[in-house]
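Next come the chains, spelled out residue by residue.
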Number of protein chains: 2
Amino acid sequence: MNCLSKKIGIIGGGQLGKMMILDAKRLGFYVVTLDPTECCPSHSISDEHIVAAYDDEDALRQLAEKVDVITYEFEHIHVGILKQLEQEEYVIYPTVSSLAIIQNKFRQKTTLLKGQISVPRFQQIKTQQDIEEAGNRFGYPMMLKACTGGYDGKGNWVVQHKDAIQEAYKQLGNGQIELMIEEFVPFVKEISVLACRSIDGHIAIYPVGENIHEDSILDETRVPADITEDCTKKAMELASEVMEIFAGVGMFCVEMFVTEDDTIYINEVAPRPHNSGHYTIEGCMTSQFEQHIRAISGLPLGDVALRCPTVMRNLLGADGAYGKTCVDGLIEAQQDPHVKVHIYGKTEVREKRKMGHLTVCATTLDEAIERADQAKMCIQITHTHKEVIG
Amino acid sequence: MNCLSKKIGIIGGGQLGKMMILDAKRLGFYVVTLDPTECCPSHSISDEHIVAAYDDEDALRQLAEKVDVITYEFEHIHVGILKQLEQEEYVIYPTVSSLAIIQNKFRQKTTLLKGQISVPRFQQIKTQQDIEEAGNRFGYPMMLKACTGGYDGKGNWVVQHKDAIQEAYKQLGNGQIELMIEEFVPFVKEISVLACRSIDGHIAIYPVGENIHEDSILDETRVPADITEDCTKKAMELASEVMEIFAGVGMFCVEMFVTEDDTIYINEVAPRPHNSGHYTIEGCMTSQFEQHIRAISGLPLGDVALRCPTVMRNLLGADGAYGKTCVDGLIEAQQDPHVKVHIYGKTEVREKRKMGHLTVCATTLDEAIERADQAKMCIQITHTHKEVIG
């Protein structure tokens, strides 16, 4: 008899945490959030909110004591205290050992390579000299990357030619942070495959999504991806292999590059629900968020078939936005009855900050793209231009 | 520019309120709940919770002052204070005038009849003598009903024959409450049509659901209903006419009887999302809860087409259940990846109390029925048999 439904602790109360909670509450779970921001998106829907830094040892221990299982909505967490908690038999999913590997891009790629997964060629960088050597080996352009902490293109730097090495090195910490170089893959498509693994090792692979980035930030995901059937099959198999390698429990996102000749390289793996998986909320019977909650709480995995062609568009803070959030155009966007709007509830807006997204399911992908385009054009997220009392 | 998203106040924090909030939070709204129970299902996901009786004048006024629009999850509210608030230009949807009519079954039926809608024949009852006269007019069996306050068969009494009149009269308040008699309609199907009307008068009509009751409590809703195309069309038109008559804003549920010869009678109208509309969460692009929030907040209505054949089964407290809630069998029920479980989070269970529901979408209705049957059999909701610390 499982009389009390499990209590779930989530490190991070941003939009990913919020969307996990919306599904967790439907399923009857009790949720405790740890996030330093009082008014974070998860705040008002958590049963409890511990307001503390992500690496606050006391707060993390407090969280662990309150819940049956801890998870996280982002991978840039100091693993030290989590390792300690795991050793004390607190349950953390995805496991801290998989997190420790994945959060460091060099270790992540090394592990994938050992598992015979195709990744772009890469090497560790300790000195500016190493970058020059990599240039001789891989040719230009190539990608200089911080091994930890990057997101939305932050922490990555394209080295266009030999003369740009010094600047690149300077931009990425001037030797103060761990670096790696990756060869540039001349991809024609960026795709991602959401995958989930349950505690007992069952794996569910979502339909392949095609991602379109703008300024290195995800702008649009289209599902199904416009790739060959063979390529789709290969991508899904690859995602499954990746899940086995990391023995991940919970949702993972496997981002991939597809080249002209349908070769697939793994770009990056994230041990959590992912922006490119938001389409699953309306596009599949089981959203990536519900699936994550099911996996980490020991429930069987849900159905992942695509219900209809689906397009997701991100809603970012407008150029120059800085201050209290102001969302405009929601009525206009929702004149189309097929448009589903998600507003994360961030009280502060910044230029290009992820503030929400919208999804359209339609009979054809082209129709979904067109409707999503129209809706997105209506919405503007900027800062309030006057003081609003309320 | 609509810089602050609207604040919504909900009277009642049960499962209907909770499911409204889950959609409202996705859309970015701020929600204040008024409910006397500290640990009600809405508690942990509301931005604020005013713990007070539904008819506490001060609390209702406090709620009105905090939000832009007030709504409610059940119709048995004293309308006096709401009328006063509406006069003071606080916004309440559905309007208090429509609520005042609908919450009294005699006034509801009288209004429908005036609008030339088919309802079972009925008459007001002031004395036991009136019941006898009704018996002569309508024949037996007939339905004695409390005009206000009934739900799940409570407040209704079947008068089987003349000799049972005294008992029926005694059971329903012995003249202390307002009563009416309705003729018994020999229906072959009970159906319900969810309908929503926006502030500017647009109406969306959901697919017709077929309801199966057990002990007067809804057990199952199957969509589409197994009725003729013509009957379906007529039912949807009727629901639309009902929405025009009450000039309702928000979700309404129109329960109907269908007889052997496809005549449709309106049984009851509820001015709120309804148990028989839970299927819309997975079965339609726009759930009845999202639709309600959209309507009352001035957003355009969303798409209501059925995405696939869908079955909803209620999960009630087990026979003899009384105490702290214990839900058993969730892992077993969710072995079928198509089963979607909703647990309301009520801390106290009672026999036949609505504790959750499950939904199955499938390729055919028969398949959905079969899968829902299997899943429902796995789940048992009763009370804890020992003290649980946590």
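If you're wondering where the values come from, they're calculated on a predicted model, not measured in any experiment.

1. Here's the deal with the relation of the copies chain B and chain A
Next, step 1: When chain B is brought onto chain A, the operation consists of a screw motion whose angular component is 180° and whose axial shift is 0.0 Å, with 0.0 Å RMSD remaining. Here the copies are linked by what is in effect a two-fold axis. Distance from the rotation axis, computed per C-alpha, reaches its smallest value in chain B at Ile-45 of chain B: 1.9 Å.
Next, step 2: Of all interface residues in chain B, 100% are interface residues in chain A too; the two copies therefore contact each other through one and the same surface.

2. Concerning the sheet that holds strand S4 (residues 69-72) of chain A
Residue and element names in this part refer to chain A.
Next, step 1: Pairing is parallel across the open sheet formed by 4 strands, whose spatial order is S3-S2-S1-S4. Strands with a single pairing partner mark the edges of an open sheet, and in this sheet they are strand S3 (48-50) and S4. Each strand of the sheet is rotated relative to its neighbour by a mean of 25°, with strand direction disregarded.
Next, step 2: The strands touched by helix H1 (residues 15-26) are strand S1 (7-11), strand S2 (30-34) and S4; relative to S2, the strand with the most contacts, the crossing angle is about 165°.

3. Things to note about the sheet that holds strand S8 (residues 179-183) of chain B
Residue and element names in this part refer to chain B.
Next, step 1: With respect to topology, 4 strands assemble into an open sheet ordered S5-S8-S6-S7, the strand pairing being antiparallel. The strands lining the two open edges of the sheet, one partner per strand, are strand S5 (122-125) and strand S7 (156-159). Going from strand to strand, the sheet's axes swing by 25° on average, the running direction of each strand aside.
Next, step 2: As judged from the 4 bridges shared by S5 and S8, these two strands associate in the antiparallel manner. Of the residues in S8, the one forming a bridge with Ile-125 is Leu-179.
Next, step 3: The sheet contacts of helix H6 (residues 128-138) involve S5, strand S6 (142-146) and S8, and relative to S5 the element is tilted by about 165°.

4. Some words on the packing of aromatic side chains
Next, step 1: This structure, assessed with the given rule, holds 8 aromatic pairs over all chains.
Next, step 2: Ring centres 5.7 Å apart and planes at 75° place the aromatic pair Phe-106 of chain B and Phe-122 of chain B in the edge-to-face group. Of this pair, Phe-106 of chain B sits in helix H5 (residues 105-114) while Phe-122 of chain B sits in strand S5, and the two are 16 residues apart along the sequence. Like Phe-106 of chain B, the residue Phe-122 of chain B is buried in the burial classification.
Next, step 3: The residue whose ring lies beneath Lys-7 of chain A is Tyr-30 of chain A, and the NZ or CZ to ring-centre distance is 4.5 Å.

5. A few points about the environment of Cys-39 of chain B
Residues and elements named next belong to chain B.
Next, step 1: Note on placement: Cys-39 falls in the loop between strand S2 (30-34) and strand S3 (48-50).
Next, step 2: You can call Cys-39 partly exposed: its relative accessible area is 44%.
Next, step 3: Along the chain, Cys-39 and Tyr-279 lie 240 residues apart, while their C-alpha atoms are 26 Å from each other.

6. Remarks on unusual backbone geometry
Residues and elements named next belong to chain A.
Next, step 1: With omega at -5°, the peptide bond leading from Tyr-140 into Pro-141 counts as cis.
Next, step 2: A cis amide bond, omega 0°, links Val-223 with the succeeding residue Pro-224.
Next, step 3: Position of Pro-224 among the secondary structure elements: in the loop between strand S12 (217-223) and helix H8 (229-246).
Next, step 4: Despite not being glycine, Asn-174 shows a phi value in the positive range, around 55°.
Next, step 5: In this fold, Asn-174 is placed in the loop between helix H7 (165-171) and strand S8 (179-183).
Next, step 6: By relative accessible area, Asn-174 is classed as partly exposed at 46%.

7. Some thoughts on the domain arrangement of chain A
All names here are of chain A.
Next, step 1: The assigned domain composition of chain A is domain 1 (7-92), domain 2 (121-183), domain 3 (186-307) and domain 4 (315-390).
Next, step 2: Here domain 1 and domain 4 have C-alpha centroids that lie 27 Å from each other.
Next, step 3: Taken together, the 5 residues of domain 1 in the interface contact 8 residues of domain 4.
Next, step 4: Between domain 1 and domain 4, roughly 500 Å² of surface is buried when both sides are summed, and carbon and sulfur atoms account for 58% of that area.
Next, step 5: Counting the surface domain 1 buries against domain 4, the share from its top three residues, Gln-15, Met-19 and Pro-41, is 69%.

8. Some words on the nonpolar core
Next, step 1: Of all hydrophobic cores here, the largest spans 82 residues; its most connected members are Leu-358 and Ile-379 of chain A together with Leu-358 and Ile-379 of chain B.
Next, step 2: In contact with Ile-379 of chain A, not counting residues within four places along its chain, are Leu-315, Val-327, Asp-328, Gly-329, Leu-330, Ala-333 and Leu-358 of chain A.

9. Section: the interface of chain B and chain A
Next, step 1: In this assembly, 49 residues from chain B lie in contact with 49 residues from chain A.
Next, step 2: Taken over both partners, the interface formed by chain B and chain A buries close to 4,200 Å², and the fraction arising from carbon and sulfur atoms is 57%.
Next, step 3: Across the contact surface, chain B and chain A share 2 salt bridges.
Next, step 4: Summed over the shared surface of chain B and chain A, the number is 18 residue pairs in polar contact (both at pLDDT 80 or more).
Next, step 5: When residues of the side of chain B that touches chain A are traced back to their parent elements, those giving at least two are helix H1 (15-26), helix H10 (288-296), strand S16 (322-328), helix H11 (330-333) and strand S17 (339-343) of chain B.
Next, step 6: The biggest single contributor to the side of chain B that touches chain A is S17 of chain B, with 5 residues.
Next, step 7: Of the residues belonging to the side of chain B that touches chain A, the class tally is 21 nonpolar, 16 polar and 12 charged.

10. Describing the pairing of S4 of chain A
All names here are of chain A.
Next, step 1: Here S4 shows no split at all, with Val-69 and Thr-71 on one side and Ile-70 and Tyr-72 on the other all buried.
Next, step 2: The pairing of S1 with S4 spans 4 bridges and is classified as parallel. Bridged to Ile-10 within S4 is Thr-71.

11. What about the packing of H1 of chain A against H1 of chain B?
Next, step 1: H1 of chain B packs onto H1 of chain A with a crossing angle of 170° between their chain directions and a minimal axis gap of 11 Å. In terms of orientation, H1 of chain A lies roughly antiparallel with respect to H1 of chain B. Touching Lys-18, Leu-22, Lys-25 and Arg-26 of chain A of H1 of chain A are Lys-18, Leu-22, Lys-25 and Arg-26 of chain B, all from H1 of chain B.
Next, step 2: Here the residues of the contact of H1 of chain A with H1 of chain B sort into 2 nonpolar, no polar and 6 charged.

12. Quick notes on the pairing of strand S13 (residues 250-259) of chain B
All names here are of chain B.
Next, step 1: With respect to burial, S13 is a largely interior element, 10 of its 10 residues being buried.
Next, step 2: Where strand S9 (residues 187-197) meets S13, 10 bridges bridge the pair, whose relative direction is antiparallel. In the sheet register, Phe-187 faces S13, and the bridge partner there is Thr-259.
Next, step 3: With 6 bridges connecting them, S13 and strand S14 (residues 264-270) associate as antiparallel partners.

13. Regarding the side chain of Lys-346 of chain A
Next, step 1: Within the secondary structure, Lys-346 of chain A sits in the loop between strand S17 (339-343) and strand S18 (348-350).
Next, step 2: Within the structure, Lys-346 of chain A has its side chain in polar contact with the backbone oxygen of Lys-354 of chain A (distance 2.6 Å).

14. Notes on the environment of Gly-173 of chain A
Residues and elements named next belong to chain A.
Next, step 1: Among the structural elements, Gly-173 can be located in the loop between H7 and S8.
Next, step 2: Of the residues examined, Gly-173 reaches a relative accessible area of 26% and is grouped as partly exposed.
Next, step 3: Between the alpha carbons of Gly-173 and Ala-146 there is a distance of 8.6 Å; along the sequence they are 27 residues apart.

15. Brief notes about the packing of H5 of chain B against helix H8 (residues 229-246) of chain B
Residue and element names in this part refer to chain B.
Next, step 1: Direction vectors running N to C along H5 and H8 enclose 110°, while the axes themselves pass 10 Å from each other. In terms of orientation, H5 and H8 fall into the roughly perpendicular class. Taking contact as the criterion, the partners of Gln-108, Thr-111 and Leu-112 in H5 are, on H8, Val-242, Ile-245 and Phe-246.

16. Re the environment of Ala-270 of chain B
Next, step 1: Inspection of the secondary structure puts Ala-270 of chain B in strand S14.
Next, step 2: A sequence separation of 168 residues divides Ala-270 of chain B from Ile-102 of chain B, and the C-alpha atoms of the two residues are 7.1 Å apart.

17. Focus on the pattern of salt bridges
Opposite charge on two side chains permits them to pair, given that their charged atoms come into close proximity.
All names here are of chain A.
Next, step 1: Under the counting rule described, the total for this entry stands at 56 salt bridges over all chains.
Next, step 2: With a closest N to O distance of 2.8 Å, Glu-88 and Arg-61 form a salt bridge. Within this pair, whereas Glu-88 is found in the loop between helix H3 (79-87) and helix H4 (96-102), its partner Arg-61 is found in helix H2 (residues 57-66), the two being separated by 27 residues in sequence.
Next, step 3: Arg-61 sits in the partly exposed class, given a relative accessible area of 24%.

The rules behind these values
- Residues numbered from 1 in each chain as written.
- Chains lettered and ligands numbered in written order.
- Predicted model: local features only at pLDDT ≥ 70, side-chain atom pairs only at ≥ 80, totals over all residues.
- Heavy atoms only, no water.
- Least-squares fit on C-alpha atoms with pLDDT ≥ 70 in both.
- Contact = heavy atoms within 4.5 Å.
- Pairing = 2+ DSSP bridges.
- Helix = DSSP H or I, 4+ residues; strand = E, 2+ residues; numbered from the N terminus.
- Axes fitted to C-alpha atoms, helices over the stretch in contact; angles between N-to-C directions.
- Phe/Tyr/Trp six-rings, centres within 6.5 Å; stacked < 30°, edge-to-face > 60°.
- Buried < 20%, exposed > 50% of the residue type's maximum accessible area, 1.4 Å probe, protein only.
- Lys NZ or Arg CZ within 6 Å of the ring centre and 35° of its normal.
- Domains from an automatic or database assignment.
- Buried area = accessible area lost by both parts, 1.4 Å probe.
- Core = buried A, V, L, I, M, F, W, Y, C linked by side-chain atoms within 4.5 Å.
- Salt bridge = Lys/Arg side-chain N within 4 Å of Asp/Glu carboxyl O.
- Polar contact = N/O pair within 3.5 Å; in protein donor to acceptor, adjacent residues only side chain to side chain.
- Nonpolar A, V, L, I, M, F, W, Y, C, P; charged D, E, K, R; others polar.
- Parallel < 35°, antiparallel > 145°, perpendicular 65-115°, else oblique.

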